[in-house]
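Commentary on secondary and tertiary structure
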Amino acid sequence: MSNVQLSKTGLKMSELTGVRSIMKDIKETNETDTPRDYVNVSAGNPLVLPEVEALWRKYAHELLEGQEFGEIIGRYGSSQGYEPFIDAIVHWFNVEYGWNLTKHNVLVTPGSQSLYFMAANAFSGPDEEGNQRSLVLPLCPDYTGYGGVVLSKDVLKTYKPTLDIQEKHRFKYRPDIDKLKIDKTVGAVLFSRPCNPSGNLMTEQEVDRIVAMCAEQDVPVIIDSAYAPPFPDMVFTDMTPVWGENVIHCVSLSKVGLPGERIGVAIASEKYIQLLEAFQSNMNIHSSRFGQALAARAIMTGELAEVSTNVIKTFYHKRFLIWESALDRLMPDEVPWHLHVGEGSIFAWMWFKDLPISDAELYVELKQEGMIVVPGSTFFSGLNEPWSHIKECIRISLTASEEELERGVAILAKVIARVYQQAGITTR
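Once a new chain begins, its residue numbering starts again from 1 and follows that chain's sequence as written. Given that this is a predicted model, residues contribute local features only at a pLDDT of at least 70 and side-chain atom pairs are listed and counted only at 80 or more, while totals for whole chains, interfaces and linings are drawn from all residues. Computation of side-chain values: all heavy atoms of the structure, hydrogens and water removed.

This part covers the packing of helix α3 (residues 50-65) against helix α11 (residues 303-330). A pair of packed helices can be characterised by two numbers: the angle between their axes and the separation between those axes. Inter-axis angles, ranging from 0 to 180 degrees, are taken between N-to-C directions of lines fitted to C-alpha atoms, where helices are fitted over the stretch in contact. Only runs of H or I of at least four residues qualify as helices and only runs of E of at least two qualify as strands under DSSP, and these elements are numbered from the N terminus. Their axes nearest at 10 Å, the elements α3 and α11 cross at an angle of 165 degrees. Here α11 runs roughly antiparallel to α3, going by the angle between their axes. Of the two possible hands of crossing, α3 and α11 adopt the one that is right-handed. Residues E51, V52, L55, W56, K58 and Y59 of α3 pack against E303, L304, V307, V311 and I312 of α11. Orientation categories follow fixed angle ranges, with anything under 35 degrees roughly parallel, anything over 145 roughly antiparallel, 65 to 115 roughly perpendicular, and all other angles oblique. Two helices crossing with the near one rotated counterclockwise from the far one by less than a right angle form a left-handed crossing, whereas a clockwise rotation gives a right-handed crossing. Any two residues whose heavy atoms approach within 4.5 Å are treated as being in contact.

Set out below in structure tokens:
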């Protein structure tokens, strides 16, 4: 990029940061002349499960044979989205959760990432008076992509969580809501529930408190529900989505087998939907209608919710339990390792208290032994205060095979024991 004259926005958006830089290293590693059988537990790409693929094949066949096929792919549509899909979303959320939605409460976007980009920049950044309005993450670590959706670095403001040690080798993040400051300098609040990367599930009471605080200042709360019920329903405990007049509830169909179709959904008050639809009209025109047409059919028959709960959730919960069991059997008990409690998503999150090396150095050590992870520090965007914990964590993808997960724990146990022993640390 050195020979290209860029604006401040261009410089910000062309940065290779966070997980993307790690993925670039992984790609280059796999393209070397001496390929190696790595245990790759880095990917955030969902697996193509046979039952899920069969569902979409069936509805794709129906769509291809139907009379509306040419209209769906051959004409532009409304910036708000494909009407039968919007109707399906309205119907399902009203029936399941009693939200009393109308079609005016729904906007379909080209994936949820574009939705966060539009919402973040519609509400945060410099206002008309030149005052900076921040995008607040009330709990970290959180999705690394949030750092990429804001157009300037100083917009993102992140709060440090409290660490709830639940057992000897288990812990959970909790938002420190008493320290959360919501005033006129805040443009919006954003968090994922359940959380990528940790699988943390903020409680309904915690969410209600944050929503109420923001409502007092007329601040929207953007809830990233990419792993939440009703689809893909990758939650391993009880969870009910939260609705409110200042909530922008964000749904993604990427984890139900349609990541290539790029379908995100915003469910919110009409004033927010109108604003975001205008933003989208200028940026994208509209999302893919083909994917929306597939999903509309799967939602209305109830099959999408059924596959989400009985296939997708079950698959990833089993993978988490395999990882957890292997840790308890193979990891050195005297080393202060901690697994975040399994509450949802497609990841496991590890914390190594007082880790003698950085997470980036641990990434290198593990890669040399044949295992590829994601360093945890990439998920603490916007946290400006020093905190050693940031460089003591790694993210594990549960998309690896059962055999790879077992092998990965064996490698991790070997490397972690060596790292602590070399530093002379063997106990808490």
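Per-residue accessibility, obtained with a 1.4 Å probe over protein chains only, is compared with the maximum for each type, and a residue is labelled buried under 20%, exposed over 50%, and partly exposed between these values. Within strand β16 (residues 393-397), five of the five residues are buried, leaving the element largely enclosed by the surrounding structure. Each pair of strands is called paired provided DSSP finds at least two bridges between the two strands. Relative to β16, strand β13 (residues 347-352) is paired through five bridges, and the arrangement is antiparallel. Its bridge partner lying in β16, M350 is registered against I394. Summarising the sheet, strand β15 (residues 374-375) and β16 pair through two bridges and their orientation is antiparallel. Bridged to P375 within β16 is I394.

In contact at an axis separation of 10 Å, helix α12 (residues 359-368) and helix α13 (residues 402-422) are set at 125 degrees when each is read in the N-to-C sense. It follows from the interaxial angle that α12 and α13 lie oblique. Here α12 runs over α13; the crossing is right-handed. Judged by residue contacts, L362, E365 and L366 of α12 engage I411, L412, V415, I416 and R418 from α13. Polar here means any residue other than Ala, Val, Leu, Ile, Met, Phe, Trp, Tyr, Cys and Pro, which are nonpolar, and Asp, Glu, Lys and Arg, which are charged; Gly is therefore polar. Looking at side-chain class alone, the contact of α12 with α13 contains six nonpolar, no polar and two charged residues.

Take empty space enclosed by the protein next. Space inside and on the surface of the protein is sampled on a 1 Å grid over the protein atoms alone, with a cavity defined as a set of points where a 1.4 Å probe fits but cannot get out and a pocket as an open set with protein on both sides within 12 Å along at least 5 of 7 lines; lining residues have an atom within 4 Å of a point. Grid points are joined across faces, edges and corners, and a volume is the space filled by probe spheres set on the points. Enumeration according to the criterion identifies one cavity of 30 Å³ or more in this entry. Considered as a void within the structure, the largest cavity measures approximately 30 Å³ in volume. What lines the largest cavity is S198, G199, F236, F320, H340, V341, G342, E343, G344, F347, A348 and W349. If you tally residues by element for the lining of the largest cavity, the top one is β13, at three residues. For the lining of the largest cavity, the residue count by class is six nonpolar, five polar and one charged.

We now examine unusual backbone geometry. A cis amide bond, omega 5 degrees, links C140 with the succeeding residue P141. Checked against the element boundaries, P141 lands in the loop between β4 (132-137) and α7 (146-149). The residue after P229, namely P230, is reached through a cis peptide bond having omega 5 degrees. Mapped onto the elements of the fold, P230 is located in the loop between β9 (221-224) and β10 (247-252).

Structurally, the α-helix is built with 3.6 residues per turn, so residues lying three or four positions apart point the same way. The end-to-end C-alpha distance of α13, which contains 21 residues, comes to 31 Å, matching closely the 30 Å that a straight helix rising 1.5 Å per residue would cover. Taken residue by residue, α13 has L405, G408, V409, I411, L412, A413, V415, I416, A417, V419 and Y420 as its buried positions. On its buried face, α13 is in contact with β1 (39-40), α11, β13, α12, β14 (371-372) and β16. Phi for G424, located one or two positions after α13, is positive at around 75 degrees. Here the expected length of a helix is defined as 1.5 Å per residue gap, with one fewer gap than residues.

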